[in-house]
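# Observations on chain architecture
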Amino acid sequence: HLPRARAGAERRVCRSVHELAPLPARPDVIAWLRGRLLDKQPNRVVLDVHGVGYDLAVPLSTFYGLGDPGAEVSLRVHTHVREDTLALYGFSTALELELFERLIAVSGIGPKVALAVLSGIEPADLVRALERGDVARLTAIPGIGKKTAERLVVELKDRLPRPQPAAPGSDGGPPAPSEMRDDVLSALLNLGYHRPLAE
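Presented here is an overview of the structure given in this document. Within each chain, residue numbers correspond to sequence positions counted from 1 in written order. Per-residue local features are limited, in this predicted model, to residues with pLDDT of at least 70; the limit for side-chain atom pairs, both in listing and counting, is 80 or more; totals at the level of whole chains, interfaces and linings are taken over all residues. Based on all heavy atoms of the structure, the side-chain values leave hydrogens and waters out of the count.

Here we take up the packing of aromatic side chains. Between 30 and 60 degrees the pair is tilted, below 30 it is stacked and above 60 it is edge-to-face, where a pair is any two Phe, Tyr or Trp rings, Trp via its six-membered ring, whose centres lie within 6.5 Å. All chains considered together, the criterion is met by three aromatic pairs. Here Phe 63 and Tyr 64 contribute two aromatic rings whose centre-to-centre distance is 5.9 Å and whose plane-to-plane angle is 65°, an arrangement assigned as edge-to-face. Among the aromatic residues, ring-to-ring pairing joins Tyr 89, Phe 91 and Phe 100 into one connected group. If you follow Lys 40 out to its NZ or CZ, it ends over the ring of Phe 63, 4.7 Å from the centre. Here, a charge over a ring is recorded when the distance from Lys NZ or Arg CZ to the ring centre is within 6 Å and its angle to the ring normal is within 35 degrees.

So, in structure tokens, the structure goes:
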């Protein structure tokens, strides 16, 4: 009876230790990459970092701001680890990364949907739409229905990052990603494409 009682006590101690001291959350494996742009396609880039090629999924808001292949770029990275998957998601700004991480924390929103959201609306516009509860603007994003838009508003409205104001004196520089996107969207609409397809 003594060994059995001791084993039971050890199980109780182990259980109470786990209840009192949960394991810390796993930190990101890769959080930042700087290297040469090898390949660039909408929603995907390959970055050469000291001879190692990293394949990263990116939103269009990041894609538009990257240079041509061969350019030196830096990306903030979210490392998404699952039982059978290790995927890297790259972002050019801290706001994009933070919004992505807030989005995937919402029930029913995975990385692909979060990437689609950031590809369908500029980050600052997304923050404004969520703050105002603008469901119509959110449902204009391809792949986002009314129920998903409403859930995003409810769960994120009071937990949004603050966009940084635009730097003064930026006249004469290259157009901002949002301006480039608006120009391309306008051109496609003028060519006769329906808005969802153009977006």
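Anyway, onward from the coordinates.
With that settled, the discussion passes to the environment of Asp 68. Secondary structure elements follow DSSP: runs of H or I no shorter than four residues count as helices, runs of E no shorter than two count as strands, and numbering proceeds from the N terminus. Take Asp 68: it is sitting in the loop between α2 (60-63) and β4 (72-82). Each residue's exposure class comes from its accessible area (1.4 Å probe, protein chains only) as a fraction of the maximum for that residue type: buried when under 20%, exposed when over 50%, partly exposed otherwise. Here Asp 68 falls in the exposed class, since its relative accessible area comes to 59%. When the C-alpha positions of Asp 68 and Leu 38 are compared, they lie 8.9 Å apart, and in sequence the two are 30 residues distant.

Okay, helix α5 (residues 123-132) next. Listed in full, the buried residues belonging to α5 are Pro 123, Leu 126, Val 127, Ala 129 and Leu 130. On an axial view of α5, the arc spanned by its buried residues comes to 165°, and they lie on one face. In this description, contact between two residues means that some pair of their heavy atoms is separated by no more than 4.5 Å. Residues of α5 that are buried in the fold lie against α2, α3 (94-104), α4 (111-120), α6 (135-139) and α7 (146-156). Of the residues one or two after α5, Gly 133 is the one with positive phi, at around 65°. Read the arc as the range of directions from the helix axis to the C-beta atoms.

Time to look at α7. Turning to α7, its buried residues number three or more, namely Thr 148, Ala 149, Leu 152, Val 153 and Leu 156. For α7, the angular spread of buried residues about the axis comes to 140°, placing them on one side. Opposite the buried face of α7, by more than 90 degrees, sit the exposed residues Lys 146, Lys 147 and Val 154.

Below, the discussion takes up the pairing of strand β3 (residues 52-57). Bridge count for strand β2 (residues 44-49) against β3 is six bridges, and the pairing is antiparallel. When the bridges of β3 are listed, Val 45 appears paired with Leu 56. DSSP bridges decide pairing: two strands pair if at least two such bridges lie between them. What sits between the antiparallel neighbours β2 and β3 is a turn of two residues, in which His 50 has the positive phi angle 55°. Pairing of β3 with strand β5 (residues 85-91) involves two bridges; the strand directions are parallel. Note on β5: the bridge partner recorded for Leu 56 is Leu 88.

Turning to the packing of α3 against α4, a few remarks are in order. Under this scheme, a helix contributes an axis fitted over its contacting stretch, all axes are lines through C-alpha atoms, and angles between N-to-C directions fall in the 0 to 180 degree range. One can describe the packing of α3 onto α4 by two numbers: an axis separation of 9 Å at closest approach and a directional angle of 135°. By the angle between their axes, α3 is oblique relative to α4. For the pair α3 and α4, the crossing hand works out as right-handed. Residue-level inspection shows Glu 96, Leu 99, Phe 100, Leu 103 and Ile 104 of α3 in contact with α4, the latter providing Pro 111, Ala 114, Leu 115, Val 117 and Leu 118. Among the residues forming the contact of α3 with α4, the class breakdown is nine nonpolar, no polar and one charged. Throughout this description, any angle smaller than 35 degrees is read as roughly parallel, any larger than 145 degrees as roughly antiparallel, any in the 65 to 115 degree range as roughly perpendicular, and the remainder as oblique. Take the far helix as your reference; a near helix turned counterclockwise from it by less than a right angle gives a left-handed crossing, and one turned clockwise gives a right-handed crossing. Throughout, the ten residues Ala, Val, Leu, Ile, Met, Phe, Trp, Tyr, Cys and Pro are labelled nonpolar, Asp, Glu, Lys and Arg are labelled charged, and all others, Gly among them, are labelled polar.

Overall, mixed pairing links the five strands, which are arranged β1-β2-β3-β5-β4 in a closed barrel. Sheet twist, expressed as the mean angle between neighbouring strand axes with direction ignored, is 55°. One ladder, built from five bridges, connects strand β1 (residues 32-41) with β2; its direction is antiparallel. Counted as the bridge partner of Asp 39 is Val 46 from β2. The sheet strands contacting α3 are β4 and β5, and the helix crosses β4 at an angle near 15°. Against the sheet, α4 makes contact with β3, β4 and β5, and its axis sits at roughly 15° relative to β5, the strand it touches most.

Moving on, we come to the pairing of β1. Sheet topology places β1 next to β4; five bridges connect them, and they run antiparallel. Within β4, the residue paired with Gly 35 across the bridge is Val 73. In sequence, β1 turns back onto β2 through a hairpin of two residues, with Asn 43 there showing a positive phi of about 75°.

Remember, this is a structural readout, not a statement about activity or role.
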